[in-house]
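The chain contents come next:
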Amino acid sequence: MDRRDYLAALGVAGLAGLAGCSALSGRDGLSDDPPADCGVPESFAANRGALPADETPADGIPPAVDGDPPSHEVGPDVFPTATVDGVDVRLAPVEVAHYWWRRGAARFADARGRDAYDGAHVYGAVWSPADTTDASAACDPIDYWPDGDRIVCYGGGTDGHGRQRAAALAAADYDEVYAIRDGFPTWRRAGHPVAGRDVDPADATG
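Fair warning: this is a prediction, and the values are worked out from it, not measured in the lab. What you see as residue numbers is a count from 1 along each chain, following the sequence as written. At least 70 in pLDDT is required for a residue's local features to be given in this predicted model, at least 80 for side-chain atom pairs to be given and counted, and no such filter applies to totals for whole chains, interfaces and linings, which use all residues. To get the side-chain values, all heavy atoms of the structure are used, and hydrogens and water are removed first.

A. Main features of the overall build of the protein. A tally of helices and strands in the protein yields five helices and eight strands. When the helices and strands of the protein are read in sequence order from the N terminus, they spell out α-β-β-α-β-α-β-β-β-α-β-α-β. Counting the 206 residues in the protein, one finds 51% classified as buried. For the protein, the computed accessible surface area is about 8900 Å², with 48% contributed by carbon and sulfur atoms. Only DSSP runs of H or I covering at least 4 residues are called helices, and only runs of E covering at least 2 are called strands; the numbering of each starts at the N terminus. Relative accessibility under 20% of the residue-type maximum defines a buried residue, over 50% an exposed one, and the middle range a partly exposed one, all with a 1.4 Å probe and only protein chains included. Every accessible area reported is derived by Shrake-Rupley at a probe size of 1.4 Å, with residue values counting cover from the shown protein chains alone.

Shown next as structure tokens:
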């Protein structure tokens, strides 16, 4: 069974048991269909190595990879927080974010600039920049996502973009939003799945 089908069949209650907290809404796909290239530049699948193709890249849910991590409890209530523009943002440790990635239990959003995204990004993540003045970001796929789904944002580590994007989403009444605690650099250093123009295909593994 494809992991998206599994998520849809399992529903919220089942995923809550797997991940220790609430997860995706169980809806397969988006509330409405975005334009085909919305938040998904041509660089999306560049150098993805042995990673599986993502047939629905605008949903921010990574494609299924072989195997699943052991189930364990994840308690977001104990995550540290950062206050951005008066909004508290929960900071997910990179290993928790990767656990969600492996389970297909979160949607991922890259909040950095376009060049950074094109160079390398979490495989499956859409481009949803914190800098909304970017003229090329006229379409944001998050606008089409159910506001009750878990969303994990990330930036470049010290730039604060992931936290800014998460705060903006929380302020816009998205219910379960996180930022990866130290951003994309920690994801890449840990050897978690990446793709992009500057990625060695041999490093693009699950």
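The rest of the description comes next.
B. Focus on the environment of Trp145. Among the structural elements, Trp145 can be located in the loop between β5 (126-127) and β6 (150-154). The exposure class of Trp145 is buried, given its relative accessible area of 3%.

C. The environment of Val199, seen in detail. Looking at the secondary structure, you find Val199 in the segment after β8 (194-195). Among the residues examined, Val199 registers a relative accessible area of 4% and is labelled buried. Separated by 81 residues in sequence, Val199 and Asp118 place their C-alpha atoms 9.8 Å apart.

D. How the structure looks around helix α4 (residues 161-171). Of all the positions in α4, only Gly162, Arg165, Ala166, Ala167 and Leu169 are classed as buried. Residue contacts follow a heavy-atom distance rule, with two residues in contact if any of their heavy atoms lie within 4.5 Å. As for α4, its buried residues are in contact with β1 (81-84), β2 (87-92), β6 and β7 (176-180). Of the residues one or two after α4, Asp173 is the one with positive phi, at around 75°.

E. Representation of the state of the cysteines within the structure. Note on terminology: pairs of cysteine sulfur atoms within 2.5 Å are recorded as disulfides. Counting across every chain of the model gives one disulfide. The disulfide that involves Cys38 links it to Cys139, with 2.0 Å between the sulfurs. Around the S-S axis, the bridge from Cys38 to Cys139 shows a dihedral of about -100° and counts as left-handed. Taken as a pair, Cys38 in the loop between α1 (3-19) and β1 and Cys139 in the loop between β5 and β6 lie far apart in primary sequence, 101 residues in all. Taking the relative accessible area as the measure of exposure, Cys38 reaches 0% and is therefore buried.

F. Structural view of the nonpolar core. As used here, the term nonpolar core means buried Ala, Val, Leu, Ile, Met, Phe, Trp, Tyr and Cys residues forming a set that is joined through side-chain atoms within 4.5 Å. In terms of nonpolar packing, the biggest core is built from 49 residues, with Trp100, Phe108, Val122 and Trp187 touching the most fellow members. Counting residues per element, this core draws most heavily on helix α2 (residues 94-103), which supplies six residues. Setting aside its immediate chain neighbours within four residues, Trp187 contacts Val94, Ala97, His98, Trp101, Phe108, Val122, Ile180, His192, Pro193 and Val194.

G. Molecular detail of the sheet that holds β5. Strand order in the open sheet formed by six strands is β1-β2-β7-β6-β3-β5, with mixed pairing between adjacent strands. The open sheet terminates on both sides in strands that have one partner only, identified here as β1 and β5. Of the strand pairs in this sheet, β6 and β7 are connected by four bridges, and their pairing is parallel. Across the sheet, Cys153 pairs through a bridge with Ala179, a residue of β7. Two strands qualify as a pair provided DSSP detects at least 2 bridges between them.

H. Examining the packing of aromatic side chains more closely. Aromatic contacts are taken between Phe, Tyr and Trp rings whose centres are within 6.5 Å, Trp giving its six-membered ring; a plane angle under 30 degrees counts as stacked, one over 60 as edge-to-face, and the others as tilted. Within this structure, the stated rule accounts for five aromatic pairs. With a centroid separation of 5.9 Å and an interplanar angle of 70°, the aromatic rings of Phe79 and Tyr178 are classed as edge-to-face. With Phe79 in the loop between α1 and β1 and Tyr178 in strand β7, this pair connects stretches of sequence that are 99 residues apart. Tyr178 matches Phe79 in its accessibility class, with the two residues each being buried. Seen in terms of ring centroids, Tyr154 and Phe184 are 5.6 Å apart; in terms of plane orientation they differ by 25°. Their pairing is stacked. Separated by 30 residues along the polypeptide, Tyr154 in strand β6 and Phe184 in helix α5 (residues 183-189) bring together distant segments of the chain. Take Tyr154 and Phe184: they sit in the same class, and that class is buried. Connected via pairs of aromatic rings, a cluster forms that spans Phe79, Trp100 and Tyr178. Positioned above the aromatic ring of Phe184 is the side chain of Arg112, whose terminal nitrogen or guanidinium carbon lies 4.5 Å from the ring centre. Sitting over a ring, as applied to charges here, requires NZ of Lys or CZ of Arg to be within 6 Å of the ring centre and within 35 degrees of the ring normal.

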